[in-house]
There are 2 protein chains.
Amino acid sequence: MNGAESLVKTLLASDIEVCFANPGTSEMHFVAALDRVPGMRCVLGLFEGVVTGAADGYGRMAGKPASTLLHLGPGLANGIANLHNARKARTPVLNIVGEHASDHLRYESPLRSDVPATAALISDWYKVGSGPGIVDDAAEAVQAARSRDGQIATLILPADTAWGPGASPKAAPEPLPLARADAAGIAQAVAAIRSGKRVAILATGKALEEAGLALLGRLQRGGVRIHAQQSNRRFARGRGRLIVPRVPFSIEQGVEFLKDVEVLILVGSHPPAAFFGYPDKPRMLSQPGCVTIPLLEPGGDALHTLQWLVDELGQGGPAVAVPEVAAPAAPTSDALNADTLMQAMAALLPEHAILVDESVSSGRSLFKFTDGAAPHDYLQITGGSIGSGLPMATGASVACPDRKVVCFEGDGSGMYTLQALWTQAREQLDVVTVILANRSYRILHGELAGVGITNPGEQAHRMLDLNAPELDWVALARGQGVEARRVDTVSGFVDVFRAACAAKGPFVIEAVIP
Amino acid sequence: MNGAESLVKTLLASDIEVCFANPGTSEMHFVAALDRVPGMRCVLGLFEGVVTGAADGYGRMAGKPASTLLHLGPGLANGIANLHNARKARTPVLNIVGEHASDHLRYESPLRSDVPATAALISDWYKVGSGPGIVDDAAEAVQAARSRDGQIATLILPADTAWGPGASPKAAPEPLPLARADAAGIAQAVAAIRSGKRVAILATGKALEEAGLALLGRLQRGGVRIHAQQSNRRFARGRGRLIVPRVPFSIEQGVEFLKDVEVLILVGSHPPAAFFGYPDKPRMLSQPGCVTIPLLEPGGDALHTLQWLVDELGQGGPAVAVPEVAAPAAPTSDALNADTLMQAMAALLPEHAILVDESVSSGRSLFKFTDGAAPHDYLQITGGSIGSGLPMATGASVACPDRKVVCFEGDGSGMYTLQALWTQAREQLDVVTVILANRSYRILHGELAGVGITNPGEQAHRMLDLNAPELDWVALARGQGVEARRVDTVSGFVDVFRAACAAKGPFVIEAVIP
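The present account deals with the structure reproduced in this document. All of these numbers come straight from a predicted model, not from anything done at the bench. Each chain carries its own residue numbering, running from 1 in the direction its sequence is written. As they are written, the chains are lettered A onward and the ligands numbered 1 onward, keeping that order. Where local features are concerned, this predicted model is filtered to residues with pLDDT of at least 70; where side-chain atom pairs are given and counted, the filter is 80 or more; whole-chain, interface and lining totals use all residues. As a rule here, side-chain values come from all non-hydrogen atoms in the structure, and water together with hydrogens is ignored.

**Some points on the overall build of chain A**
- The helix and strand labels rest on DSSP assignments: H or I over at least four residues marks a helix, E over at least two residues marks a strand, and numbering proceeds from the N terminus. Secondary structure assignment for chain A yields 20 helices and 17 strands.
- In terms of principal-axis extent, the alpha carbons of chain A reach across some 65 × 60 × 45 Å.
- Here the term buried applies to any residue with accessible area under 20% of the maximum for its type, exposed to any over 50%, and partly exposed to those in between, with areas from a 1.4 Å probe on protein chains only. Looking at chain A as a whole, 65% of its 514 residues qualify as buried.
- By definition in these notes, contact holds between two residues if any of their heavy atoms fall within 4.5 Å. Within chain A, contacts between residues at least 6 apart in sequence are counted, and of these 80% link residues at least 24 apart.
- For the accessible areas, the method is Shrake-Rupley and the probe is 1.4 Å, while residue cover comes only from the protein chains on display. Only carbon and sulfur atoms are counted for the fraction: they give 52% of the accessible area of chain A, which is about 16200 Å².

**As for the environment of Arg486 of chain A**
Residues and elements named next belong to chain A.
- Here Arg486 shows up in strand 16 (residues 483–487).
- The class for Arg486 is partly exposed, based on a relative accessible area of 39%.
- Placed ten residues apart in sequence, Arg486 and Val496 show a C-alpha to C-alpha distance of 9.0 Å.
- Other than its neighbours up to four places away in sequence, Arg486 contacts Asp472, Trp473, Val474, Glu510 and Val512.
- Side-chain atoms alone can form a polar contact between residues adjacent in sequence; in general such a contact is a pair of N or O atoms within 3.5 Å, and within protein one must be able to donate a hydrogen while the other accepts it. Engagement of the side chain of Arg486 in a polar contact is seen with the side chain of Asp472, the distance being 2.6 Å.
- At 2.8 Å, the side chain of Arg486 and the side chain of Glu510 are in polar contact.

**Thoughts on the relation of the copies chain A and chain B**
- The least-squares superposition of copies is restricted to C-alpha atoms, and to residues with a pLDDT of at least 70 in both copies. For the match of chain A to chain B, the screw axis carries a shift of 0.0 Å, the RMSD comes to 0.0 Å, and the turn is 180°. What the superposition gives is, in effect, a two-fold axis relating one chain to the other.

**Notes on the sheet that holds strand 9 (residues 235–237) of chain A**
Residues and elements named next belong to chain A.
- Here, any two strands with at least 2 DSSP bridges between them count as paired. With mixed pairing, seven strands are arranged side by side in an open sheet as 9-13-12-14-15-17-16. Strand pairing shows two members of the sheet lacking a second neighbour, strand 9 and strand 16, which therefore form its edges. Mean inter-strand twist for the sheet, computed between neighbouring axes without regard to direction, equals 20°.
- Where strand 9 lies against strand 13 (residues 376–380), three bridges are found, and the strand directions are antiparallel. For every element, the axis is a line fit to its C-alpha atoms; helices are fit only across the contacting stretch, and the angle between N-to-C directions ranges from 0 to 180 degrees.

**Notes on the interface of chain A and chain B**
- Across the contact, 96 residues belong to chain A and 96 residues belong to chain B.
- Interface of chain A and chain B: buried area, both sides summed, is about 8100 Å²; carbon and sulfur atoms make up 64% of it.
- We define a salt bridge as a side-chain nitrogen of Lys or Arg found within 4 Å of a carboxyl oxygen belonging to Asp or Glu. Inspection of the region where chain A meets chain B yields six salt bridges.
- Where Glu427 of chain A meets Arg462 of chain B, a salt bridge forms, and the shortest distance between an N and an O atom there is 2.5 Å.
- Secondary structure elements with two or more residues in the side of chain A that touches chain B: helix 2 (28–36), strand 2 (41–44), helix 4 (72–89), helix 5 (115–122), helix 16 (420–426), helix 17 (442–450), helix 18 (458–464) and helix 19 (473–478) of chain A.
- The dominant element in the side of chain A that touches chain B, judged by the number of residues it contributes, is helix 4 of chain A, at eight residues. When two parts are put together, the accessible area they lose, computed with a 1.4 Å probe and summed over both, is reported as buried area.

**A short note on the pairing of strand 1 (residues 18–21) of chain A**
All names here are of chain A.
- Burial along strand 1 is two-sided: Val18 and Phe20 and Cys19 and Ala21, pointing in opposite directions, are all buried.
- Sheet topology places strand 1 next to strand 2; four bridges connect them, and they run parallel. Among the inter-strand pairings, Val18 is bridged to a residue of strand 2, identified as Arg41.
- Seen with its strands pointing away from the viewer, a crossover is right-handed if its path from the first strand over the helix to the second goes clockwise. For the crossover from strand 1 across helix 2 to strand 2, the handedness is right-handed.
- Where strand 1 lies against strand 3 (residues 66–71), three bridges are found, and the strand directions are parallel. Of the residues in strand 3, the one forming a bridge with Ala21 is Leu69.

**As for the environment of Gly383 of chain B**
- Along the polypeptide, Gly383 of chain B turns up in the loop between strand 13 (376–380) and helix 14 (389–399).
- A residue is classified by how much of its surface remains accessible, and Gly383 of chain B, at 0% relative accessible area, is buried.
- It is 9.5 Å that separates the C-alpha atoms of Gly383 of chain B and Asn232 of chain B, two residues lying 151 residues apart in sequence.
- For Gly383 of chain B, the contacting residues outside a window of four places in its chain are Pro110 and Leu111 of chain A together with His84, Asn85 and Lys88 of chain B.

**Concerning helix 3 (residues 48–62) of chain A**
Residues and elements named next belong to chain A.
- For helix 3, spanning 15 residues, the distance from its first C-alpha to its last is 20 Å, which sits close to the expected 21 Å at 1.5 Å a residue.
- Taken across its 15 residues, helix 3 has 14 buried, putting it largely inside the fold.
- Just beyond helix 3, the residue with positive phi is Gly63, at close to 70°. Under the convention used throughout, the expected extent of a helix is 1.5 Å for every residue step, that is, one less than its residue count.

**Considering the sheet that holds strand 10 (residues 263–267) of chain B**
Residues and elements named next belong to chain B.
- The strand order across the open sheet formed by four strands is 8-7-10-11, and the pairing between neighbours is parallel. This sheet does not close on itself; its edge strands, each paired only once, are strand 8 (225–228) and strand 11 (291–296). Each adjacent strand pair in this sheet contributes to an overall mean axis angle of 25°, direction not counted.
- As paired strands, strand 10 and strand 11 are joined by four bridges and run parallel to one another. Considered in strand 11, the bridge of Ile265 is made with Ile293.

**Notes on the nonpolar core**
- Judged by nonpolar contacts, the single largest core of 196 residues is most densely connected at Leu11, Phe20 and Phe30 of chain A together with Leu11, Phe20 and Phe30 of chain B.
- Sequence-distant contacts of Leu11 of chain B, that is, excluding residues within four places in its chain, are made with Ile16, Phe30, Met40, Ser67, Leu94, Ile96, Ala138 and Val142 of chain B. What is meant by a nonpolar core is a set of buried Ala, Val, Leu, Ile, Met, Phe, Trp, Tyr and Cys residues, joined one to another through side-chain atoms within 4.5 Å.

**Things to note about the packing of helix 12 (residues 338–348) of chain A against helix 20 (residues 490–502) of chain A**
Residue and element names in this part refer to chain A.
- Helix 20 packs onto helix 12 with a crossing angle of 35° between their chain directions and a minimal axis gap of 10 Å. Crossing of helix 12 against helix 20: the hand is right-handed. On helix 20, the residues touching Thr340, Leu341, Ala344, Met345 and Leu348 of helix 12 are Val490, Phe493, Val494, Phe497 and Arg498.
- When residues are grouped by polarity, Ala, Val, Leu, Ile, Met, Phe, Trp, Tyr, Cys and Pro land in nonpolar, Asp, Glu, Lys and Arg in charged, and all others, Gly among them, in polar. Residue composition of the contact of helix 12 with helix 20, by class: eight nonpolar, one polar and one charged. Working rule for handedness: look at the near helix, and if it is turned counterclockwise from the far one by less than a right angle, call the crossing left-handed; if clockwise, right-handed.

**Let's talk about the pattern of salt bridges**
- Applying the stated criterion across every chain yields a total of 67 salt bridges over all chains.
- The partner of Glu262 of chain A in a salt bridge is Arg198 of chain A, with the nearest N and O atoms 4.0 Å apart. Of this pair, Glu262 of chain A sits in the loop between helix 10 (251–258) and strand 10 (263–267) while Arg198 of chain A sits in the loop between helix 8 (183–194) and strand 7 (199–203), placing them 64 residues apart in sequence.
- The exposure class assigned to Glu262 of chain A is partly exposed, which follows from its relative accessible area of 30%.
- A salt bridge links Glu108 of chain B to Arg112 of chain B; its shortest N-O distance comes to 3.0 Å.
- The partly exposed category is assigned to Glu108 of chain B, whose relative accessible area is 22%.
- Exposure remark for Arg112 of chain B: the relative accessible area of 31% places this residue in the partly exposed category.
- Three or more residues joined by partner-sharing salt bridges are found here, namely Arg439, Glu470, Asp472, Arg486 and Glu510 of chain A.

**Structural notes on the state of the cysteines**
Residues and elements named next belong to chain B.
- Only a pair of cysteine sulfur atoms within 2.5 Å qualifies as a disulfide here. Counted by the stated rule, this structure contains zero disulfides over all chains.
- There is no disulfide at Cys501, and the cysteine sulfur nearest it, in Cys407, is 13 Å away.
- By relative accessible area, which is 16% here, Cys501 ends up buried.

**Section: the packing of aromatic side chains**
- Stacked, edge-to-face and tilted are the three classes for Phe, Tyr and Trp ring pairs, Trp counted by its six-membered ring, which pair at centre distances within 6.5 Å; planes under 30 degrees apart are stacked, over 60 edge-to-face, the rest tilted. A complete count under the given rule lists 15 aromatic pairs over all chains for this structure.
- Between the aromatic rings of Phe249 of chain A and Phe275 of chain A, the centroid separation amounts to 5.0 Å while the plane-to-plane angle is 50°, which identifies the pairing as tilted. In this pair, Phe249 of chain A sits in the loop between strand 9 and helix 10 while Phe275 of chain A sits in the loop between strand 10 and strand 11 (291–296), placing the two residues 26 residues apart along the sequence. Of the two residues, Phe249 of chain A and Phe275 of chain A, both sit in the buried class.
- What links up through ring pairs into an aromatic cluster is the set Phe47 and Tyr416 of chain A together with Phe47 and Tyr416 of chain B.

**Points about the environment of Gln480 of chain A**
- With respect to the helices and strands, the residue Gln480 of chain A is situated in the loop between helix 19 and strand 16.
- C-alpha of Gln480 of chain A to C-alpha of Arg60 of chain A: the two residues are 420 residues apart in sequence and 26 Å apart in space.
- In this structure Gln480 of chain A touches Leu418, Gln419, Leu421, Trp422 and Ala425 of chain A together with Met415, Pro469, Leu471 and Leu476 of chain B, once residues within four positions along its chain are discounted.
- Engagement of the side chain of Gln480 of chain A in a polar contact is seen with the backbone oxygen of Leu418 of chain A, the distance being 3.2 Å.

**Quick look at the pairing of strand 10 of chain B**
Residue and element names in this part refer to chain B.
- Burial analysis of strand 10 places five of its five residues in the buried class, which makes it a mostly covered element.
- With burial as the criterion, each face of strand 10 is covered, one bearing Val263, Ile265 and Val267 and the other bearing Leu264 and Leu266.
- Here strand 7 (residues 199–203) runs beside strand 10; their pairing, made up of five bridges, is parallel. Bridging from a neighbouring strand, Ala200 pairs with Leu264 of strand 10.

Without other data, these values stay purely geometric and don't point to any function.
Dropping the structure here:
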């Protein structure tokens, strides 16, 4: 048994079942081991941004890491952007990155680069594996990926470790214990809540999945406002779930949203900073006088913290009934725009769908339409690094083959990683992608106005507009083996979306909107 | 005048004429400045790998840097792979990377990452610009990009430096003086050449452009074997140019190629190491007993070194007439495969075309067909990081709008950065792309066999084959506004390629080969 085989067996023994891969020469021993050792589902991505973004989507829905398989420094570098999103989300991901044979690194060769430094950029844990100890390294890597509520662990696999002698595989140890709130913090939070001041909890992570929402509902009943970060890993949404408003993206709206909050309790979340800094706007969305209580650090045990608060506040009685919200109605107008599109989608969303959202500027009002939609999980871009949606939908579908995945994707961001559609075709994943084709980086028009340019010139238009030529997403999808249709009316969208949801397999809808 | 405007003016004063861009919010002041300050050609890429690969192609053909414009850490990260190729080629590139406002970095925000560490990974020079000193920083950055025969220089532009007060623009100082060979090295090389031993020069960089080839021809007349590195920035090739064989890619062929060489003189090149290390193969392609003379370091003044050698060897007389090579003939068979395709292309290659080659496994025999083709410049992938071809062709065409660009691209590598086709359509670039559609990562089948797997199993096939579904490159091109045709015979290719070369503007030929 060589090192690659003992590595694959260690991954399998550690409950790693899926490998999103784009291998190269240095990974051939690993690929050969995948052939010899049954049990790993291998999913090929035609670009590494697809591979890492799919691992993000998988980890969010499976609640455990997938492995990636990446080729040397440039392969890892191509995956950085979506690892950045995964890291901000605290998604567990285990990267296996091939490296030159150890005794080849002394020579200058085309693919030589600093793989450890590349891994350091984007990993919470990384190590260069070595010899038969690769099984210990891999077990430690899996443990790291699963610790602190999800981390990026990167194991670098030199070719000579892969082809050299292996060792008996082992299972990864349990994740390290999660950080917890302490009694002083709980006392401070409880005192604030009982003080009569306007107190809000800012939550993220597991607090926004079903068990967390049930606890948050009890705290809301106890008089606390409940908010979510702007960006979150996974959010249980729709009929029957507590409605938790997110801090808005725009600084003006964010400041307005938080202006009454006198005490802000952070449960695994970061202080609500602006997405970007601007010349004459605040950097922090909460008021300067707002008292912030960092009750639980990011990556800590949110459910434990919330339960403790519930107990201290005496809210442990009967479960909270979530007020009914009207099911979304179909739009009355046939004019397709971002709002009517989302409204129509919300009315038709299948039960227990996974809704992946990288609609960027178009999607900011999505929640108002989906509060009363069928129960679903909502996954969004978390690190602002565009190109996350199509791969995330791909990985989410691999994790949950029995659930419909609906992906709302901007045309500009979709172009970053459009190769994900091929993987959806190859794996026959049940994903309906809606491309919001507004033919521009629309968000940047707003940002340009934000820096005082309300009448952009020729150069700015050429940098922000995606017309001339227009992208044909039907062709781009079909060229990768995915069936597709273009729509430009609400009724057209409704017909195509309903049919796509009723069928199985990947489908792309290019929705032309202003 | 704000910082962004004084930066743009400094770039223009420093002969930076083209900016390949994918901007985001933090770069809006720079975009606004491009509107206000005329003179910069801005070229949008829909993914940063397109942006940096185009800057590589531009720099190779223009002999001076273009600027890129990239958005924060993830935008730069997306560009790393093609910057890796550019760096290995010693292409001059100037990256402008937007960064959060300085006083916003203290907060955790979705797009916060370590931009300087990302820049350090891939840059020969980098700096965080600051305040009105941005003009000095920019001038220094341009100088750095132009020094040492081409470097990657990365200037990080915090948003508050862009929107803050600027300063009078300045022109970049001259590049730093190039390193030169020393007299002892020249004496050693000349002694070796006169010793009667079998001596070879291994050249790269400017030695392979026209002036360098003329000098190499004189040295060949003086009894020296002349070879090129496997990967080179730019190579003057075809009728009337000295034929300089490259060290082969495969270890067996490389060792055979160099086995008689007793003394190897490195002129700006690296020792001929293998591309990868394998269990039972040598790491170095030259013989263990071969004496290596590192006459000129990489990035040094190759023309000066070669001229000095010519003078010392008394080869300064009349220019060397290059032996005539038969013009390539059209293939006699109509069966399309990698060889007949290249042969047919070589016979039809327009005069002074730029031939961009990322055909990977299919292209290894290209030179034998193009030795006698019309004079052309040959650009190849230099860092082994696939996805370089389509962007490189894009940038080369921006640099040389009056020359036809022909790009030979593998289907697997082409998918990495297919978004370059949209830029070709937007800019109406005169590029004919030939996709070698063998429906696989063919090179990896060979590598898998190289590690002893001659009968790959299901998993390996799924990782290495691009069928199921097949990519439709005609649709992928048309979806981005580029006209395209599929061919599967030599005669079909000849007809379409001839017509595409006769017309102006972008065109894609999907050549289906076994």
